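As a plain string of letters, each chain reads:
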Amino acid sequence: MYIESLFLLDFWINFLILYATSIILKKRVKFFNIFLGSFIGNVSVIILFLDIHYIQSMILKIYFSILMILFSFGYDNLKNTFVNLVTFYFINFVLGGVFYFFKLENIYDSFLFLF
């Protein structure tokens, strides 16, 4: 697999998850904000190539997901930000379960499924 394909797939999945989060929460979000949040999430792919401990990588992933939510939806108050984050994680888990159920391990199968 090429690294460009990895970045493109991760960006696309982040975008779809953030867009689905905005639909479920019935929030009007600018396209650019979702794009920016997806790009920030895409930077977190670099963590895969770092030689760091598992706990450190999980903390960084959580940090990047919070940044994605803040850049995509902004900060109203702590409660709304927490609801945004929980919904974002719920959609992540559901989408991961769908990928696992359909055995979408190949990047090209994932692209076809998402389209």
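In what follows, the structure referred to is the one given above.
Reading the values: the criteria
- Residues numbered from 1 in each chain as written.
- Predicted model: local features only at pLDDT ≥ 70, side-chain atom pairs only at ≥ 80, totals over all residues.
- Heavy atoms only, no water.
- Helix = DSSP H or I, 4+ residues; strand = E, 2+ residues; numbered from the N terminus.
- Contact = heavy atoms within 4.5 Å.
- Areas by Shrake-Rupley, 256 points an atom, 1.4 Å probe, with all protein chains shown as cover.
- Expected span 1.5 Å × (residues − 1).
- Buried < 20%, exposed > 50% of the residue type's maximum accessible area, 1.4 Å probe, protein only.
- Salt bridge = Lys/Arg side-chain N within 4 Å of Asp/Glu carboxyl O.
- Phe/Tyr/Trp six-rings, centres within 6.5 Å; stacked < 30°, edge-to-face > 60°.

Colleague: Even after reading the chapter, I still don't get the overall build of the chain, so can you show me in this structure?
Modeller: Secondary structure summary: the chain contains five helices and zero strands in total. Starting at the N terminus and walking to the C terminus, you meet the elements of the chain as α-α-α-α-α. Long-range pairs, those at least 24 residues apart, make up 66% of the contacts in the chain between residues at least 6 apart in sequence. Of the roughly 8,000 Å² of accessible surface on the chain, a fraction of 72% belongs to carbon and sulfur atoms.

Colleague: Got a minute to help me understand helix 1 (residues 3–24) in this structure?
Modeller: Residues that lie three or four places apart on an α-helix share one face, since the helix turns once every 3.6 residues. With 22 residues, helix 1 ought to run about 32 Å at 1.5 Å a step, and its terminal C-alpha atoms sit 31 Å apart, in line with that. Along helix 1, the positions that sit buried rather than exposed are S5, L9, F11, I13, N14, F15, I17, L18, T21 and S22. Positive backbone phi, approximately 55°, marks K26, located one or two places after helix 1.

Colleague: Sorry if this is basic, but what is going on with the pattern of salt bridges here?
Modeller: Where charged atoms of side chains with opposite charge meet at close range, the side chains can pair. Going through the model one piece at a time under the given rule, you end up with one salt bridge. D76 serves as the salt-bridge partner of K27, at 3.7 Å between the closest nitrogen and oxygen. Pair noted here: K27 is in the loop between helix 1 and helix 2 (31–43) and D76 is in the loop between helix 3 (54–73) and helix 4 (78–101), with a separation of 49 residues, a long-range link. We classify K27 as partly exposed; its relative accessible area is 25%. Its relative accessible area of 48% is what places D76 among the partly exposed residues.

Colleague: It is not clear to me how unusual backbone geometry should be interpreted in this structure. Could you clarify?
Modeller: Most peptide bonds adopt trans geometry, and most residues besides glycine take a negative phi value. At K26, a residue that is not glycine, the phi angle is positive and equals roughly 55°. Examined against the element boundaries, K26 turns out to sit in the loop between helix 1 and helix 2.

Colleague: Just checking my understanding: could you explain the packing of aromatic side chains for this structure?
Modeller: The description of an aromatic ring pair uses the distance of the two centres, along with the angle that the planes make with each other. Counted under the stated rule, the structure contains seven aromatic pairs. Both rings, one in W12 and one in F15, keep their centres 6.3 Å apart while their planes meet at 10°; by these two values the pair is stacked. Of the two residues, W12 and F15 both sit in helix 1, three residues apart, roughly one turn of that helix. Taking relative accessible area as the criterion, W12 reaches 26% and is therefore assigned partly exposed. Taking 5.9 Å as the distance between ring centres and 55° as the angle between the ring planes, the aromatic pair formed by F88 and Y89 counts as tilted. Judged by its relative accessible area of 3%, F88 is buried. Aromatic rings pair up to connect W12, F15, Y19 and F31 into one cluster.

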